[in-house]
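Topology and contacts: notes
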Amino acid sequence: DSGVTQTPKHLITATGQRVTLRCSPRSGDLSVYWYQQSLDQGLQFLIQYYNGEERAKGNILERFSAQQFPDLHSELNLSSLELGDSALYFCASSVAGQGYGYTFGSGTRLTVV
Amino acid sequence: DQQVKQNSPSLSVQEGRISILNCDYTNSMFDYFLWYKKYPAEGPTFLISISSIKDKNEDGRFTVFLNKSAKHLSLHIVPSQPGDSAVYFCAASRTSSGSARQLTFGSGTQLTVLP
């Protein structure tokens, strides 16, 4: 157990729907990162939050949004889902925002049918 | 534009021999490099890192080498063990806006260590 908790582990939904992925960072970590791993692809950076504020954005689609709550957990919202959104979504956390030595959760596997 | 590239999707090595995983990067602003290991159904776990001011970092059986002029780094595992079989991701980091940093990952190399 890495200390980073992601729920749900698996999610199957239809095209056009909206889902929410949840991440609880490791105790004491203030920064949360979201990554997407599609088939045979590396981990693509989506977005970073630090202590409740958006810190950096990567290749995140406009249909996707995220937030970090006062208790530091984070949610990634994916809407108007398309087949191509099927992927593993990882959350990682770190103490600060320096991007060193992330701790990853075990991921949420999203399947859009 | 892939800024971090792992050109070998897979590598098979005999147990006890050396495993060498390679990674190339294009962005000269990267100043910190990491290797992560990933088992199926788990998230990536940090393995070893190196700052751009060094050219080698060693931790037990794992050594990372950095060649800044060639924009190339490699991970050596000696001796390789069957438990090392996993996907290995190379990652690079640089300071972006303010003090924010994120990791840019390669596409991974599946290492299989044969008994």
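Structure shown above.
Residues numbered from 1 in each chain as written. Chains lettered and ligands numbered in written order. Predicted model: local features only at pLDDT ≥ 70, side-chain atom pairs only at ≥ 80, totals over all residues. Heavy atoms only, no water.

Now for the interface of chain A and chain B. Listed by partner, the interface residues are 21 residues for chain A and 20 residues for chain B. Interface of chain A and chain B: buried area, both sides summed, is about 1500 Å²; carbon and sulfur atoms make up 59% of it. Counting across the chain A and chain B interface gives three residue pairs in polar contact (both at pLDDT 80 or more). Within the residue set of the side of chain A that touches chain B, elements represented by two or more residues are β4 (31–37), β5 (43–50) and β6 (53–57) of chain A. By residue class, the composition of the side of chain A that touches chain B is nine nonpolar, ten polar and two charged. (Contact = heavy atoms within 4.5 Å. Buried area = accessible area lost by both parts, 1.4 Å probe. Polar contact = N/O pair within 3.5 Å; in protein donor to acceptor, adjacent residues only side chain to side chain. Helix = DSSP H or I, 4+ residues; strand = E, 2+ residues; numbered from the N terminus. Nonpolar A, V, L, I, M, F, W, Y, C, P; charged D, E, K, R; others polar.)

With that settled, the discussion passes to the pattern of salt bridges. On inspection of all chains with the given rule, the structure shows five salt bridges over all chains. For E75 of chain A, the salt bridge is made with R22 of chain A, and the minimal N-O distance between the two is 4.0 Å. Residue E75 of chain A is located in strand β8 (residues 74–78), and its partner R22 of chain A is located in strand β3 (residues 19–24); the two are separated by 53 residues in the primary sequence. The class for E75 of chain A is buried, based on a relative accessible area of 18%. Classification of R22 of chain A as partly exposed rests on a relative accessible area of 33%. Across the pair R61 of chain B and D84 of chain B runs a salt bridge, and its minimum N-O distance is 2.8 Å. Linking R61 of chain B in the loop between β6 (56–59) and β7 (62–67) with D84 of chain B in the loop between β8 (72–77) and β9 (86–95), this pair joins segments that are 23 residues apart in sequence. Judged by relative accessible area, D84 of chain B falls into the buried class, the value being 2%. Here the salt bridges do not stand alone but share partners, grouping R63, E82 and D85 of chain A into one network. (Salt bridge = Lys/Arg side-chain N within 4 Å of Asp/Glu carboxyl O. Buried < 20%, exposed > 50% of the residue type's maximum accessible area, 1.4 Å probe, protein only.)

This paragraph deals with the state of the cysteines. Residue and element names in this part refer to chain A. A complete count under the given rule lists two disulfides over all chains for this structure. Linked covalently through their sulfurs, C23 and C91 form a disulfide whose S-S length is 1.8 Å. The S-S bond linking C23 to C91 shows a torsion near -55 degrees; that makes this disulfide left-handed. Linking C23 in strand β3 with C91 in strand β9 (residues 87–94), this pair joins segments that are 68 residues apart in sequence. With a relative accessible area of 0%, C23 lands in the buried category. (Disulfide = S-S within 2.5 Å.)

All names here are of chain A. Tracing the backbone through its elements, the reader meets S93 in strand β9. Owing to a relative accessible area of 0%, S93 belongs among the buried residues under this scheme. A polar contact is formed between the side chain of S93 and the backbone nitrogen of R26, at a distance of 3.3 Å. Here the side chain of S93 touches D29 through a polar contact of 2.7 Å, side chain to side chain. S93 has contacts with V4, P25, R26, D29, S31, V32, Y33, Y102 and T103, leaving out every residue within four places of it along the chain.

Scope: geometric values only; no functional claims are made or implied.
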